[in-house]
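Next come the chains, spelled out residue by residue.
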Amino acid sequence: MRRHHVTPGDLVLPVFVSEVDSAPTPIASMPGVDRWPVDRVEEIARAADDAGVGGLLIFGIPARKDGNGSEAWSEEGIAQRGIRALRAVHYGGAVIADVCLCEYTDHGHCGVLDDGGTVRNDETISLLGRTAASLARAGADVVAPSAMMDGMVGAIRRDLDGEGFRDTAILSYSVKFASAFYGPFRDAAGGAPAFGDRRAHQMDPAADHDAMREHAEDVAEGADMLMVKPGLAYLDVVRRTRDRFPDHPLAAYNVSGEYTMVKAAAERG
């Protein structure tokens, strides 16, 4: 009588491809999760494929960072090389590429900063568009902008279409709440802000009334799929999103802190 079925094919596995690790390196705050050098990424892809997982979400961990996060759109960037490595071994699942600058900036914020340390939205979205296009050239099926900049989906769609990648889909982190649940991920990716936080552009945890507007703006700009993040903490927003946007595929990100809580509970029986 069950109406809903979840199979491994409905799941996406985040994969950290690292330029600073020469072997799979465990992430202390995320038990069971490693950072993978590009020449070993085939192993985690094969394991995911054997388990029936539907796709991989690629995050890059570069050896070099700067104020603008320029390694994010480098043709020889670590995420781009990781995607090409998956294509070289004919990985059959969906290849999804995260689009943000926080892993690539030396200050850990999601975009370009002004002299006062404030993220500059308009300057940032042009760099996100360049990043998405470079990831599509590397072979990504889907680009997933997570920076929560206003107008980022439109900028990415224009850059993708301008380079002939009209079939590259956009999975937008359209509703992403500011949250301490992201702590283990920032440990994994080395992307914690050097100062301040991200509440200026991520959503206020108490302002769930803004969620539908955020989704609607990204849909208008060309988002093919929507996301609510964190997932478990905002199941009410997931439900409202499905009701309001019935025709858009919807992802819920079970984020690093939520994952780690489950692992901690399991370790304690």
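Preceding this paragraph is the structure being described.
Counting of residues starts from 1 at the beginning of each chain's written sequence and follows it residue by residue. Side-chain atom pairs in this predicted model are given and counted only at pLDDT of 80 or more, local residue features only at pLDDT of at least 70, and totals for whole chains, interfaces and linings cover all residues. Remark: hydrogens and water are excluded; side-chain values derive from all non-hydrogen atoms of the structure.

Asks: Hey, could you run me through helix 7 (residues 235–244) in this one?
Replies: Note on helix geometry: an α-helix contains 3.6 residues per turn, so any two residues three or four positions apart are oriented the same way. Taken residue by residue, helix 7 has V237, V238 and T241 as its buried positions. Down the axis of helix 7, the buried set is contained in an arc of 105 degrees. They therefore lie on one face. Throughout, a contact is declared for two residues whenever any of their heavy atoms are within 4.5 Å. Helix and strand definitions follow DSSP, with helices as H or I runs of at least four residues and strands as E runs of at least two, each counted in order from the N terminus. For helix 7, the elements touching its buried residues are strand 7 (169–176), helix 6 (211–221), strand 8 (225–229) and strand 9 (250–252). Burial classes follow relative accessibility: with a 1.4 Å probe on protein chains only, a residue under 20% of its type's maximum area counts as buried, one over 50% as exposed, and anything between as partly exposed. Starting at the helix axis, one direction is taken to each C-beta atom, and the arc is that of these directions.

Asks: Just checking my understanding: could you explain the packing of aromatic side chains for this structure?
Replies: The description of an aromatic ring pair uses the distance of the two centres, along with the angle that the planes make with each other. Note on aromatic contacts: the rings of Phe and Tyr and the six-membered ring of Trp form a pair at centre separations within 6.5 Å, being stacked when their planes are under 30 degrees apart, edge-to-face when over 60 apart, and tilted otherwise. The full count for this structure, using the stated rule, is three aromatic pairs. Centre to centre, the rings of F177 and Y234 are 3.8 Å apart; their planes meet at 5 degrees, and the pair counts as stacked. Note that F177 is positioned in the loop between strand 7 and helix 5 (183–189) and Y234 in the loop between strand 8 and helix 7, a separation of 57 residues in sequence. The same class applies to F177 and to Y234, which are both buried. The ring of Y182 has K176 lying over it, and the distance from NZ or CZ to the ring centre is 5.8 Å. Above the ring of Y253, the side-chain terminus of K229 is found at 4.6 Å from the ring centroid. Sitting over a ring, as applied to charges here, requires NZ of Lys or CZ of Arg to be within 6 Å of the ring centre and within 35 degrees of the ring normal.

Asks: Looking at this structure, I do not really get the pattern of salt bridges. What am I missing?
Replies: Pairing is possible between side chains that carry opposite charge, provided their charged atoms lie close to one another. By salt bridge we mean one thing: a side-chain nitrogen of Lys or Arg within 4 Å of a carboxyl oxygen of Asp or Glu. Taken as a whole and judged by the stated rule, the model has 16 salt bridges. Between R64 and E71 there is a salt bridge, and its shortest N-O distance comes to 3.1 Å. Given the relative accessible area of 42%, R64 is considered partly exposed. Overall, the relative accessible area of 14% leaves E71 in the buried class. D243 serves as the salt-bridge partner of R239, at 2.7 Å between the closest nitrogen and oxygen. Highlighted residues: R239 and D243, both in helix 7, separated by four residues, approximately one helical turn. By relative accessible area, which is 48% here, R239 ends up partly exposed. The network of salt bridges with shared partners includes R64, D66 and E71.

Asks: Could you clarify how one ought to interpret helix 8 (residues 256–267) in this entry?
Replies: By this rule the span expected of a helix is its residue count minus one, scaled by 1.5 Å. Taking 1.5 Å per residue, twelve residues should reach 16 Å; helix 8 reaches 16 Å between its end C-alpha atoms and fits that length. Every buried residue belonging to helix 8 is among S256, G257, E258 and T260, and all of these are buried. Two residues or fewer past helix 8, G269 is found with a positive phi of approximately 75 degrees.

Asks: Just checking my understanding: could you explain the pairing of strand 7 for this structure?
Replies: The side chains of a regular strand alternate between both faces of the sheet. Judged by how many residues are buried, strand 7 sits mostly within the fold: eight of eight residues are covered. When DSSP locates at least two bridges between a pair of strands, those strands are taken to pair. By the bridge criterion, two bridges tie strand 6 (residues 142–145) to strand 7 in an arrangement that is parallel. Looking at the pairing, V142 lines up with A169 of strand 7. Viewed along the sheet, the connection from strand 6 through helix 4 (residues 152–162) into strand 7 turns out right-handed. With its strands directed away from the observer, a crossover is right-handed exactly when the path from the first strand over the helix to the second travels clockwise.

Asks: Got a minute to help me understand the packing of helix 6 against helix 7 in this structure?
Replies: Angle between the axes and distance between the axes: these two values describe a pair of packed helices. Whenever a helix is involved, its axis is fitted only over the stretch in contact; in every case the axis is a line through C-alpha atoms, and angles between N-to-C directions fall within 0 to 180 degrees. Packing of helix 6 against helix 7 brings their axes to within 10 Å, and their N-to-C directions diverge by 45 degrees. In this view, helix 6 runs oblique relative to helix 7, as classed from their interaxial angle. Considering how the two elements wind past one another, helix 6 and helix 7 form a crossing that is right-handed. Each of A211, M212 and H215 in helix 6 lies in contact with helix 7, whose residues at this interface are V237, R240, T241 and R244. Classes in brief: Ala, Val, Leu, Ile, Met, Phe, Trp, Tyr, Cys and Pro nonpolar; Asp, Glu, Lys and Arg charged; the others, Gly included, polar. Of the residues assigned to the contact of helix 6 with helix 7, the class counts are three nonpolar, two polar and two charged. Orientation is classified from the angle alone, with under 35 degrees giving roughly parallel, over 145 giving roughly antiparallel, 65 to 115 giving roughly perpendicular, and any other angle giving oblique. Crossing chirality is assigned from the near helix's rotation relative to the far helix, an anticlockwise turn below a right angle marking it left-handed and a clockwise turn marking it right-handed.

Asks: I would appreciate a short explanation of the environment of A169 in the present structure.
Replies: Inspection of the secondary structure puts A169 in strand 7. Sequence spacing of A169 and A223 is 54 residues, and the spatial spacing of their C-alpha atoms is 7.7 Å. Contact partners of A169, with chain neighbours within four places excluded, come to D141, V142, V143, D224 and M225.

By themselves, these figures tell us nothing about what the structure is for.
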